[in-house]
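Summary of structural features
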Amino acid sequence: MLGRYVARRVLAAIPVFLGVTIVTFLLMHLTAGNYVPGLALNPDLTAKDIARIRANLGLDRPLYVQYLTWLGGILHGDFGTSLIDGTSVLGDILGRLPNTLELTGTAIFMGALVAIPLGVVSARRRGGALDNFLTLVSTVGFAVPQFWLGLLLILIFSVQFEAWHLPWLPSSGAYSAFNGGGPLDRLQHLILPGAVLSFFYISQWSRFVRSSMVEVLSQDYIRTAWAKGMSERRVTYLHALRNSILSLVTLVGLEIPGLIGGGLVVEVVFGWPGIGLLAYQRALQYDYTVVMGTTTFAALLVIVGNLLADVLYAWLDPRIRYR
Amino acid sequence: MIGSSPEIELEEGLEGREFVRPPESYWRQSWVRLRENRLALAAGGVVLFLAVVAIAAPLIQIPIHYGPLQQDLTDNFAPPFKAPHWLGTDELGRDVLIRLVFGARVSLGIGFLTVLIATTVGTAVGLAAGYYGRWTDEVLMRIVDVFLAFPAIFLFIGMSILFRPGTLTLSLIIASVGWAGVARLVRSETLTLKTRDYMLATRSLGARDLRLMVRHLLPNVLPILIVSASLGVGQIILIAAALDFLGLGIQPPTPSWGSMLSNAQTYFYHSPWLVIFPGLMIFITVLATTLFGNAVRDAFDPRLR
């Protein structure tokens, strides 16, 4: 039964993926058209040369042929080559992927790790001082711009700490240029951007865990557990938390796309060499094969993420019928 | 049901006794609930104040004596909390205070405009999909899925480079993704409303599709729209500020809080106020709109009744 359900979901995802590639392709075509970076700026090129370069790149062919060629490449794992440096787009993406995953993965992990206990505590002492305080913190987390928070942290922990002769934290990059790259060095670079991003997840998810816990705690089986004389600890953590984690699984699943795009602004602020920074820098240079590649790659992850979340949820929760 | 409370018929002999609460409309009840929420009133007050500041920006300029673009290279990087530049000046000697005042126009303008566009388009699509069902629903919802599948920031970057936005284009860019969420919301609401008896009754009286949608479905979807719109403004202001910060939104020299921040990045080692004040403005604005939005949700959302 689960197999058929998965098959149905996969089939439903295919038109969405095609739609994504069409929108991406058309958008980039409108943006860049037949533009090739640097071509118009080179005085040594005659009109004939330019036409030949365009033809070599396949830009003289009809639009649908260009699209189908590109799509065919993607289906074979070939995202084309960069217009700036001629490297493989997929290679660029995969080269940056570990950095991005290191940042967003840490943030999501830390987010869940902190948000779950906070949410549970809030739900148990609903309306208490701690609950109200956490509500305030999470509202702040919703309203504070990530890039501003990043700049403030740099201002305090990199600039001021250095001025005060305290051990300061690096403000940019994923590792030091000289003698860098060791685990401790990378960890130091990870602290500030990781903190900004996890604060965002903590403020979102702690609210979510709270409301889901409140709902679960009001259900009959919890009352039964109390009536059996179970300790508060057991009821909260063994019975209630297990069921409210279920909905968090979906939420984290929906955050899988955030693994790629969610950290873009933070990557730019901290010069973190991830996929977001790659897409941003190359977009400014009109390197549209790379922009198309990163966008499609990220969208693909969204679709797969949603699929995984659905399947995982159906598998964990027997109440879901496989339709 | 929304719009009317059930009249209780009085038994004979009990007439004249005042124990039935006079019927109150849904809107009045919601409004009273909102008014009782003091935090909401305070947050709403802040939003209103910012809106007045934004609208009256050219008037505020008069007592300050500086324009938002007026440079004074002999007085750049002036520190804050001193006359005549109460919030300091930037690298070109432009007054930070008046630039923040004019920045409010950009942020609030985009926030409200985007919500308006996204809500209008999303409602139309959601109503059509939910009402007509079948293949109309299938096609429209697959399109919605496509737009929701994009990590929005990548789309924004692509489109921003394409259009080099001003206020209107930036709103359109953000709304081009935002409508999809509204459409999904309105559709699911329409699906439940469609099966209600009053819809069948109205239809059997000969009402056409358009009339059913506009006169009978739309008013009942309205509460949810108000909730989603008031919660959306803050998030949109954040997105717009982030795009400005990335240099992909409102272009200099037009003052916007996001672009002031990205500008300040270069100088904030010696002039931290250039970073602190614009960010604070974004934070306060988004906080106030979010708190107000939460209160509106608590007061208006029929699902929370």
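A brief structural summary. Residue positions are counted from 1 within each chain, in the order its sequence is given. Each chain takes a letter, starting from A, and each ligand takes a number, starting from 1, following the order in which they are written. Since the coordinates come from a predicted model, pLDDT governs what is reported: local features require at least 70, and pairs of side-chain atoms require 80 or more to be given and counted, while whole-chain, interface and lining totals use all residues. The side-chain figures draw on all heavy atoms in the structure; neither hydrogens nor water molecules are used.

Concerning helix H6 (residues 146-163) of chain A
Helix and strand assignments come from DSSP, with helices taken as H or I runs of at least 4 residues and strands as E runs of at least 2, each series counted from the N terminus. To estimate how far a helix should extend, the number of its residues minus one is multiplied by 1.5 Å. Its 18 residues place the ends of H6(A) 24 Å apart at the C-alpha level, agreeing with the 26 Å of an ideal helix rising 1.5 Å per residue. At A:Leu155, H6(A) shows its largest kink, close to 30°. If you check which residues of H6(A) are buried, you get A:Gln146, A:Phe147, A:Trp148, A:Leu149, A:Gly150, A:Leu151, A:Leu152, A:Leu153, A:Ile154, A:Leu155, A:Ser158 and A:Val159. A contact between two residues is defined here by any heavy atoms of the two lying within 4.5 Å. Against the buried residues of H6(A) lie helix H7 (183-217) and helix H10 (264-269) of chain A together with helix H9 (209-245), helix H10 (257-264) and helix H11 (273-300) of chain B. Bending is quantified residue by residue as the angle between axes fitted to the seven-residue window ending at that residue and the seven-residue window starting at it. Three labels apply to residues, based on accessible area from a 1.4 Å probe with only protein chains included: buried if under 20% of the type maximum, exposed if over 50%, partly exposed otherwise in between.

Side note on the interface of chain A and chain B
With 41 residues of chain A at the interface, the matching set in chain B holds 36 residues. Buried area is calculated as the accessible area (1.4 Å probe) missing from two parts once they are joined, with the contributions of both summed. Carbon and sulfur atoms supply 85% of the area buried between chain A and chain B, which totals about 3400 Å² over both sides. On the chain A side of the contact with chain B, A:Phe147, A:Trp148 and A:Leu151 bury the most area, a combined 18% of that side's loss. Any Lys or Arg side-chain nitrogen found within 4 Å of a carboxyl oxygen on Asp or Glu counts as a salt bridge. On inspection of chain A and its partner chain B, the count reaches 0 salt bridges. Here a polar contact is recorded for every N or O atom pair within 3.5 Å, except that within protein the pair must consist of a potential hydrogen donor and a potential acceptor, and residues adjacent in sequence are included only if both atoms are side-chain atoms. Linking chain A to chain B there are 2 residue pairs in polar contact (both at pLDDT 80 or more). Within the residue set of the side of chain A that touches chain B, elements represented by two or more residues are helix H1 (2-32), helix H5 (129-143), H6, H10, helix H11 (275-284) and helix H12 (288-316) of chain A. In terms of residue count, H1(A) provides more of the side of chain A that touches chain B than any other element does, 10 residues in total.

Points about the packing of aromatic side chains
We describe a pair of aromatic rings using the distance from one ring centre to the other and the angle between the two ring planes. Residue and element names in this part refer to chain A. Here a pair means two rings of Phe, Tyr or Trp (six-membered ring of Trp) with centres within 6.5 Å. Their orientation is stacked below 30 degrees between planes, edge-to-face above 60, and tilted elsewhere. The final tally for this structure, using the stated rule, is 10 aromatic pairs over all chains. Look at Phe 25 and Tyr 67: their rings are 5.4 Å apart centre to centre, the planes differ by 65°, and that puts the pair in the edge-to-face class. Taken as a pair, Phe 25 in helix H1 and Tyr 67 in helix H3 (residues 63-75) lie far apart in primary sequence, 42 residues in all. Classification of Tyr 67 by relative accessible area gives buried; the value is 13%. Ring-pair connections join several aromatic residues into one group, and the members of that group are Phe 25, Tyr 67 and Trp 70.

What about the environment of B:Met213?
Residues and elements named next belong to chain B. Considering the arrangement of structural elements, one finds Met 213 in helix H9. Look at Met 213 and you get buried, because its relative accessible area is 8%. Ignoring anything within four residues of it in the chain, the contact list for Met 213 reads Leu 127, Ala 128, Tyr 131, Tyr 132 and Leu 218.

A word on the pattern of salt bridges
The final tally for this structure, using the stated rule, is 9 salt bridges over all chains. Salt-bridge contacts for B:Asp137 lead to B:Arg187; the nearest nitrogen and oxygen are separated by 2.6 Å. Here B:Asp137 is found in helix H5 (residues 134-149), whereas its partner B:Arg187 is found in helix H7 (residues 167-194), with 50 residues between them in sequence. Using a relative accessible area of 11% as the deciding quantity, one classes B:Asp137 as buried. Connected via shared salt-bridge partners are A:Asp85, A:Asp92, A:Arg282 and A:Asp287.

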